[in-house]
Amino acid sequence: MTPRSTGQRRYSAEYKTRILAEYETLDKQGKGALLRREGLYSSLITNWRQQRDNGAKAALAAPAGRPKADPRDKEIARLEAHVARLENELGKARTVIEVQGKLSALLDQLATGSDGTTGEKP
């Protein structure tokens, strides 16, 4: 794959890797021929080597394993669990209030009698 010939040329990582691998296996004459064939300058090869080596160093320096959890994620999970507990308690409280309301209405009915009397025997 030969890059565009107008303006600043851009090279893919695959292209750079392939050219570097080939360049490093050649003798001085072969290296010159490769540069001419591809239309490259030796300074590009030097830059590409530095990029490759810096990338390898960065990859080796990266810590192994999973990245550390974001403390905000932990706080969000804690708050979501708290909200779920509160919603559960609220549901129970609503049920208790509903039962108390029905019980109160039933007790009122029994106290006054269903026919409007006080519920006392004559």
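Conventions adopted
Residues numbered from 1 in each chain as written. Predicted model: local features only at pLDDT ≥ 70, side-chain atom pairs only at ≥ 80, totals over all residues. Heavy atoms only, no water. Salt bridge = Lys/Arg side-chain N within 4 Å of Asp/Glu carboxyl O. Helix = DSSP H or I, 4+ residues; strand = E, 2+ residues; numbered from the N terminus. Buried < 20%, exposed > 50% of the residue type's maximum accessible area, 1.4 Å probe, protein only. Phe/Tyr/Trp six-rings, centres within 6.5 Å; stacked < 30°, edge-to-face > 60°. Lys, Arg positive; Asp, Glu negative; His and termini not counted. Contact = heavy atoms within 4.5 Å.

Draft legend 1. Seen up close, the pattern of salt bridges. Evaluation of the coordinates by the stated rule reveals 8 salt bridges. Here Arg49 and Glu24 are joined by a salt bridge, their closest N and O atoms 3.3 Å apart. Of this pair, Arg49 sits in helix α3 (residues 42-61) while Glu24 sits in helix α1 (residues 13-25); the two residues are 25 residues apart in sequence, bridging distant segments of the chain. When the shortest N-O distance is used, the salt bridge between Glu75 and Arg78 registers 2.8 Å. Linking Glu75 with Arg78, this pair stays in helix α4 (residues 71-112), spanning 3 residues, or about one helical turn. What makes Glu75 partly exposed here is its relative accessible area of 36%. Judged by its relative accessible area of 48%, Arg78 falls in the partly exposed class. One network of salt bridges, with partners in common, ties together Glu24, Arg49, Arg52 and Asp53.

Draft legend 2. Expanded view of the packing of aromatic side chains. Considering all chains together, one arrives at 3 aromatic pairs under this definition. A ring pair is formed by Tyr11 and Trp48, whose centres lie 5.1 Å apart and whose planes are at 65 degrees; its orientation type is edge-to-face. Linking Tyr11 in the segment before α1 with Trp48 in helix α3, this pair joins segments that are 37 residues apart in sequence. A relative accessible area of 3% places Trp48 in the buried class.

Draft legend 3. Expanded view of the side chain of Lys16. Among the structural elements, Lys16 can be located in helix α1. Of the side chains bearing the opposite charge, Glu14 lies closest to the buried Lys16, which forms no salt bridge; the N-O distance is 9.9 Å. In contact with Lys16, other than residues within four places in its own chain, are Tyr11, Trp48 and Gln51.

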